[in-house]
Structures are given as structure tokens and as C-alpha cells.
Amino acid sequence: MTARIYNNVPAHPVKSFFVHMLTRDISVSDAILDLLDNCVDGIIRKNRGKKEGAAPYKGYKAQITIGKDSFTIHDNCGGIPWSLHEYAFRMGRAKPDQDAGLPVVGTYGIGMKRAIFKIGQSCLIQTQNGKDAYDIELSPAWMRNEDEWNIPVKAAKTRMKADGTTIVVEKLNKGVAELFSDNAKSFCRDFEAQVASHYAFIIGKGFTVEVNGRAISPLPTKLAFDKSKKTKAIRPFVYTTRTNGVDVFLAVGFTRPIPSEEEIAADQVEARYSSLDAGWTIVCNDRAVLYCDRTELTGWGEAGVPKYHTQFIAISGVVEFRSNDASKLPTTTTKRGIDAASPLYLQVKNKMREGMVLFTNYTNKWKGRELVQQARSQIDDAEPFGIEEIKHNVAKLRLSHVKSRLRGRQYKPTLPMPAHAAGDSRRISYSKPIAQIELVSDYLFESDGHTPSLVGERCFDEILKEARK
Ligand SMILES: Nc1ncnc2c1ncn2[C@@H]1O[C@H](COP(=O)(O)OP(=O)(O)OP(=O)(O)O)[C@@H](O)[C@H]1O
Ligand SMILES: [Mg+2]
């Protein structure tokens, strides 16, 4: 028997892995958000070295057209420099330091290609950067051909009005064609809502995103901040640090007056607070990677923080991570989630919980009809401010130094507490027949659905009013 000769074994990538497999882990909307991320990264590269200011993305635009046979995204964000042609169209980043020193989010060198493969089988990329203007075509045959890894390039026939990129995808994949035709309206509505939340910071800083001709309005988080000189007042808890090349800014507080128990019992809260923005939003280099999370991922129901419940609907928080090295940001590879195991995130989460407890305690202490009314007027006295404005407001306050493992500076507000909160109150409880409770409930309230404890409390409040006369 002749001995087998062992040659080298092939380990080169298989194209269908990129075209058909990698695309399974991402939704169509998230894939499109990846294309939007590229637009913003384009602006950041273009603005390199310029001062940031309040509206660094002003004048830049991405126009998305979702049709039943095609998908188009057109931007004026600087185009793909020819100097990057050897890297930009490859799967994976062959030049990892391409964006050294810039707060971009592009890291892996896959987003654009994965989005194209997710959407359809044929694509034309037209791009213009300075004097270079070229077209790149990905055909269905190219996507199938395992041996062809080069893509033909042609000089553009016409010039664009401004440097930018247009990506047109046709021959839509089956599931995508269904999404874009039958359900186009509901798909667009959901996608627009996603842009409004995840891109709120970027749109707030001047960027325009249009979907089928409609500009998206951002849904920014605003927190109540009492600018008066009162020591006990409604202001957010703020924490800030810089560690290992990442800047962190955290703010948590009230977005609106706290709900009354009657509203909670009657399920009126969600209807009244229609744009449900309770919970934590985590932002990495201006992109929200998590929006209004109310789970353990952001500390709810963990280590002394109660589980999220409608009574906490007025509590919202934002954490911004910013770095000139995107790989240091605590986000997942799809960049639409947080890396819950990141040591940096875990340390910041301690601060998130510390801040959150102040506001869940406040909500618990100001329970009961009369107290809620007082709490509401305290929150009403404070004005709502966006995150950039909060940074500005807080700079005028005295921040204390935090000497724990994650050193930093923080502002811990002293929230007003009810006079009797220190333990000079007692619980009253008694039983009454259901029929009588319902009768009294009908007598006291205009609507149905009030809990027995609310009925009892209302009886007490009414008699207290009488007694005080
Ligand atoms: N709209 C655009 N404007 C300017 N440059 C772009 C645009 N789209 C893509 N590029 C260029 O193409 C490159 C490849 O984009 P792609 O999204 O595939 O990867 P990436 O952004 O580098 O990393 P990631 O996979 O993390 O998104 C980018 O790094 C960028 O240089
Ligand atoms: Mg990208």
C-alpha cells in the first residue's frame, strides 16, 4: 500500500457564505441602518480635523427609496475615495487602521456588502469623491461565481451634483420583495420608527434621512432639569468618565410627570404616554445601539433596582460611549445591541443602577393621590432638556469625584421627599364586601376598573379634605 501524500488543504472563503449565510443574522432594517452608518462615517472622514460644533452633520443627507422592485440609497457624504478601492469592496477589513483617530462605527468591513446581499442579487454602486467618479456592478452571475473575487469598475458617465454614493439594489430576494411590496407600508412605518429612535442623536446634529421622500423627525430623550437654585429639586443623575480611550456620559431622570395610581390601575398610562420612551438608550459614537431598554440588560430588576413596571414610565436614561477607536465601544458585531459582557459596560452599569434607584425611590415615596399631585408639579417646574443641553447645564453645577474602580465625576441630585417619608406614616388596611366597594367606587370615580386600595385611599383623602376645612 502506498502511503498517502498530504498536500496543503484549501481554506479560502466560500462566496455563498457571505452571500447567503452571513445575511441570516441581520434583519433587513438593521442591514439598511448599516448603510446609513456608512453615510455618517463618510461625513466624519470628510470633516476630519474640523471642529465638531453642535451640528457637525448639517447639510448632509441620505435618501432611501423602497420600491417594489428595487432599493436605493443616495447620499452626499463624500463618496468612497479611490485610494480605498482595494479595501472598501472586500469582505472584511484589510486595512484596520483606515479610520485611526476618527469616531466612526465602521469596524469589520462587511456592513455594505452584507446589506446588499441581504436585499437582492444585483447591485450598482456609483460613487464620487473629488475628481474620482466610478461605478461598480455586482451581477447575479458574480454573486454565484465561486472563483471570481474581482469586481469590474467603470468610470462614471456623468458627475453627481455633490460627492457621494448611490447604491441601487435590484432583483430583490424573495422575502425582501414581499416586505417591500405587500407590506411596504408597514415595513416603512417600522423602519422609519427605527430611524427616528436610533438616529435621533445624528438627526439632532443636523443629518437628514428621507424615506420615500419623507424626512424623518427624531425622537430625542429629554430629561427634566430644574435650573433654579433650589438644593432639593428634580434634576437628572449624571456621571461622566474617560477610560482607556472611551468617553462615557450618563444621565438618568424623569422625562415627564410620574403617573398616578389611578392611571396605572385603569391602564391609561401607555395610551397617554404614547411615545413610550421609558428605559435606557445606549449610544455609541452617536448611534443608538439600544433604545429604551427596560430589562436586566440595563439594570432593571437587578441589585436593588425594581423590575420595570408602568409606574416607572417616567424614568429614562441615556449612556453615550464615544471613542476614536470603534473596536473599544461595547457593542455587538451588528452594532444594534450592547455587549453585555464588556467590562467597561458592566462598570458603567453600576452607575446606571445607582442613578436609576434615585428615581424609582422617588416614584415609590410619592405614591397616593395628594402626593402624586405634588410630585407632578415638582417635575412640571423642571424644564425638559436634551442630552447636549444637559451636558451644558450640568457643567455649571458642582460635580463630585467618584473614587470607585471606574473613576469619574458625577452629579447626584437631592430629590425632594414627602415630609412624612421618614417613617411617620402608618398603613391602613381593612376588608369590605365587593359589592360595597364597587358601589363606593361608582360613587367616587367616573370610570371603572379602580382597585380596592385606590377606592379606600380616595375615601380617606376625601374625608381628610373635609376634616381640614
Ligand atoms: N456611503 C458611503 N460613503 C463613504 N464611504 C463609504 C460609504 N459606504 C461604504 N463606504 C466605504 O466602504 C467601506 C466598506 O464599508 P462596509 O460597511 O462594508 O465596512 P465598514 O464600514 O468598514 O465596517 P462595518 O462592517 O463595521 O460596517 C467603508 O469603510 C468606507 O470606506
Ligand atoms: Mg459600515
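Residues numbered from 1 in each chain as written. Chains lettered and ligands numbered in written order. Predicted model: local features only at pLDDT ≥ 70, side-chain atom pairs only at ≥ 80, totals over all residues.

### As for the overall build of the chain
Part 1 of the reasoning: Along the chain, the regular secondary structure elements total 15 helices and 17 strands.
Part 2 of the reasoning: Dimensions of the chain, computed from the C-alpha atoms along their principal axes, are close to 95 × 70 × 50 Å.
Part 3 of the reasoning: For the chain, with 469 residues in total, the buried portion stands at 35%. (Helix = DSSP H or I, 4+ residues; strand = E, 2+ residues; numbered from the N terminus. Buried ≥ 20, exposed ≤ 12 C-beta atoms within 10 Å, placed from the backbone.)

### As for the sheet that holds strand S11 (residues 246-254)
Part 1 of the reasoning: One open sheet holds the seven strands; their spatial order is S13-S12-S14-S11-S10-S17-S16, and the pairing between them is mixed. Of all strands in the sheet, those with a lone pairing partner are strand S13 (287-293) and strand S16 (400-402), marking the two edges. Geometrically, the sheet is characterised by an average inter-axis angle of 15 degrees between neighbouring strands, direction not taken into account.
Part 2 of the reasoning: Two strands pair when backbone bridges link them, and strand S10 (residues 237-243) and S11 are joined in this way by seven bridges, in the antiparallel orientation. By the bridge assignment, Val-238 is partnered in S11 with Ala-251.
Part 3 of the reasoning: In the packing of helix H11 (residues 343-365) onto the sheet, the strands contacted are S10, S11, strand S12 (279-284) and strand S14 (315-323), and the crossing angle to S11 comes to about 20 degrees. (Pairing = 2+ DSSP bridges. Axes fitted to C-alpha atoms, helices over the stretch in contact; angles between N-to-C directions. Contact = placed C-beta atoms within 7 Å.)

### Notes on the site of ligand 1
Part 1 of the reasoning: Neighbouring residues of ligand 1: 22 residues in total, closest Asn-38, Gly-42, Ala-88, Gly-106 and Gly-111.
Part 2 of the reasoning: If you list the elements that add at least two residues to the shell around ligand 1, you get helix H2 (28-46) and helix H4 (111-119).
Part 3 of the reasoning: Looking at the shell around ligand 1, the element that brings in the most residues is H2, giving five residues. (Near = placed C-beta within 6 Å.)

### Digging into the domain arrangement of the chain
Part 1 of the reasoning: On domain assignment, one finds that the chain holds domain 1 (15-215), domain 2 (223-422) and domain 3 (434-468).
Part 2 of the reasoning: Summarising the inter-unit geometry, the C-alpha centres of domain 1 and domain 2 are found 33 Å apart.
Part 3 of the reasoning: Contact residues are listed per partner, giving 20 residues for domain 1 and 18 residues for domain 2.
Part 4 of the reasoning: Among the secondary structure elements, those contributing two or more residues to the side of domain 1 that touches domain 2 are H2, helix H7 (184-198) and helix H8 (200-204).
Part 5 of the reasoning: Per element, the largest residue contribution to the side of domain 1 that touches domain 2 is four residues, and it comes from H8. (Domains from an automatic or database assignment.)

### A look at the sheet that holds strand S4 (residues 132-138)
Part 1 of the reasoning: Sheet architecture is open: eight strands sit in the order S5-S4-S3-S6-S2-S1-S7-S8, paired in mixed fashion. Two strands close off the open sheet at either side, each with one partner strand: strand S5 (153-155) and strand S8 (214-215).
Part 2 of the reasoning: The pairing of strand S3 (residues 120-129) with S4 spans seven bridges and is classified as antiparallel. Counted as the bridge partner of Thr-127 is Tyr-134 from S4.
Part 3 of the reasoning: Lying over the sheet, H4 contacts strand S2 (71-75), S3, S4 and strand S6 (164-172), oriented at roughly 30 degrees with respect to S6.

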